[in-house]
Amino acid sequence: ENVCRAFWGSIERGDGFFTLLHIFAFFALTLVFFDKNDWLNFFRASLAVGAISILSGIFQYLGVNKFPFTVERFSGRPGSFIGNSSFFAAYLFLLIGQAIIVFFERRNGIKYKRFFSLSIILLSLVTIFLTATRGAIVGLFASVLFLILYLGFNKNFKSLKVRGITLKRISSILLVFFLAFFFIF
């Protein structure tokens, strides 16, 4: 409809062709110049920043206003430094993915890095529930469901047993419930 807006995007969304072109260029340059160690260092730095952001969100929820750079006006749902609880929950999903990569990268590595990654995962999950963003919580449950289904039907994964029931059987039951629920609505 509006050619100028389609090319440049809007100030609220910033999703015009010009922005998408720059995001693609950034992606291509990171593929060229970043190796595995650079990505791990980037993820570790991102986890450190995310830990500060999570602490800020938890302190907001608890009503502590003495944390540096916190927002004085609080609406009841923590948004941390981002300001919007929905965007903060989406950021926490990205942070969980980075923490999982760092956690599984070095199984025989330094234990405090693994502990830090695991604590970021757990605190992110708690903070997602504190943001009370329905879409993020539904997405969390859907991702756990698909993870269980993937692990249940993956031939390379060892079979887990929970009280005598294999993961393959649990994932089959979850798949049936998911399909039944999907076709009801």
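Residues numbered from 1 in each chain as written. Predicted model: local features only at pLDDT ≥ 70, side-chain atom pairs only at ≥ 80, totals over all residues. Heavy atoms only, no water.

Chemist: I'm lost on the overall build of the protein chain in this one. Help?
Modeler: A count of helical and extended segments in the protein chain gives 7 helices and 2 strands. Buried positions account for 26% of the 185 residues belonging to the protein chain. Intrachain contacts of the protein chain at a sequence separation of at least 6 include 50% that bridge at least 24 residues. When the accessible surface of the protein chain is summed, it comes to about 13,700 Å², and 70% of that surface belongs to carbon and sulfur atoms. (Helix = DSSP H or I, 4+ residues; strand = E, 2+ residues; numbered from the N terminus. Buried < 20%, exposed > 50% of the residue type's maximum accessible area, 1.4 Å probe, protein only. Contact = heavy atoms within 4.5 Å. Areas by Shrake-Rupley, 256 points an atom, 1.4 Å probe, with all protein chains shown as cover.)

Chemist: Sorry if this is basic, but what is going on with the layout of surface pockets here?
Modeler: Where empty space is left in the structure can be found by rolling a water-sized probe over the atoms. What the largest pocket holds in volume is close to 330 Å³. Among the secondary structure elements, those contributing two or more residues to the lining of the largest pocket are α4 (85-105), α5 (111-131) and α6 (134-153). Of the residues forming the lining of the largest pocket, the biggest block, 5 residues, is contributed by α4. Tallied by class, the residues present in the lining of the largest pocket amount to 12 nonpolar, 1 polar and no charged. (1 Å grid on protein atoms, 1.4 Å probe; cavity = no way out; pocket = protein on both sides within 12 Å on 5 of 7 lines; lining within 4 Å. Points joined across faces, edges and corners; volume = space filled by probe spheres on them. Nonpolar A, V, L, I, M, F, W, Y, C, P; charged D, E, K, R; others polar.)

Chemist: Where do I start with the packing of aromatic side chains in this structure?
Modeler: Given two aromatic rings, one states the distance between the centres and the angle between the planes to describe the pair. With the rule as written, the count across this model stands at 6 aromatic pairs. Taking 4.9 Å as the distance between ring centres and 65° as the angle between the ring planes, the aromatic pair formed by Phe 34 and Trp 39 counts as edge-to-face. Here Phe 42 and Phe 43 contribute two aromatic rings whose centre-to-centre distance is 5.9 Å and whose plane-to-plane angle is 50°, an arrangement assigned as tilted. Through successive ring pairs, a cluster of aromatic residues spans Phe 34, Trp 39, Phe 42 and Phe 43. Directly above the ring of Phe 103 sits Arg 114, whose terminal nitrogen or CZ lies 4.1 Å from the centroid. (Phe/Tyr/Trp six-rings, centres within 6.5 Å; stacked < 30°, edge-to-face > 60°. Lys NZ or Arg CZ within 6 Å of the ring centre and 35° of its normal.)

Chemist: Looking at this model, I keep getting lost on α5. Mind explaining?
Modeler: Three or four residues apart is the spacing at which side chains of an α-helix point the same way, because the helix has 3.6 residues per turn. Taking 1.5 Å as the rise per residue, α5 with 21 residues should run 30 Å; its terminal C-alpha atoms sit 30 Å apart, in good agreement. Where α5 terminates, the next one or two residues include Ala 132, which has phi positive at roughly 55°. (Expected span 1.5 Å × (residues − 1).)

Chemist: Would you explain a nonpolar patch on the surface in this entry?
Modeler: A contiguous nonpolar surface patch, about 490 Å² in accessible area, is contributed by Phe 7, Trp 8, Phe 17, Phe 18 and Leu 21. Every element with two or more residues in the nonpolar patch is listed here: α1 (3-8) and α2 (17-33). (Patch = residues over 30% accessible without salt bridge, like charges linked within 9 Å, V, L, I, M, F, W, Y side chains within 5 Å. Salt bridge = Lys/Arg side-chain N within 4 Å of Asp/Glu carboxyl O.)

Chemist: Help me understand the pattern of salt bridges in this model?
Modeler: Side-chain pairs of opposite charge can arise where the charged atoms are in close proximity. Throughout the structure, instances matching the rule amount to 1 salt bridge. Glu 105 serves as the salt-bridge partner of Lys 36, at 3.2 Å between the closest nitrogen and oxygen. A residue pair is termed long-range when its members are at least 10 positions apart, and Lys 36 in helix α3 (residues 36-62) and Glu 105 in helix α4 qualify at 69 residues.

Chemist: Just to check I follow, could you spell out the side chain of Ser 85 for this structure?
Modeler: With respect to the helices, strands and loops of the structure, Ser 85 is situated in helix α4. Within the local environment of Ser 85, its side chain forms a polar contact with the side chain of Arg 77, the two groups lying 2.8 Å apart. (Polar contact = N/O pair within 3.5 Å; in protein donor to acceptor, adjacent residues only side chain to side chain.)

Chemist: What's the story with the nonpolar core in this structure? I'm lost.
Modeler: Generally speaking, soluble globular proteins have nonpolar side chains that are buried together. Counting 18 residues, the largest nonpolar core has Leu 47, Ile 54, Leu 92, Leu 95, Ala 99, Ile 120 and Ile 128 as the members making the most contacts within it. At the level of elements, α3, α4, α5 and α6 are the ones that each hand at least two residues to this core. Considering every element that reaches this core, the biggest residue donor is α4, with 7 residues. Aside from chain neighbours lying at most four places away, what touches Ile 120 is Leu 47, Ala 51, Ile 54, Leu 95 and Ala 99. (Core = buried A, V, L, I, M, F, W, Y, C linked by side-chain atoms within 4.5 Å.)

Chemist: Help me understand the environment of Glu 105, please; the structure alone is not making it clear to me.
Modeler: Note on Glu 105: relative accessible area 28%, which makes it partly exposed. Taking the C-alpha atoms as reference points, Glu 105 and Leu 40, 65 residues apart in sequence, are found 8.5 Å from one another. Excluding its chain neighbours within four sequence positions, the residues that come into contact with Glu 105 are Lys 36 and Leu 40.

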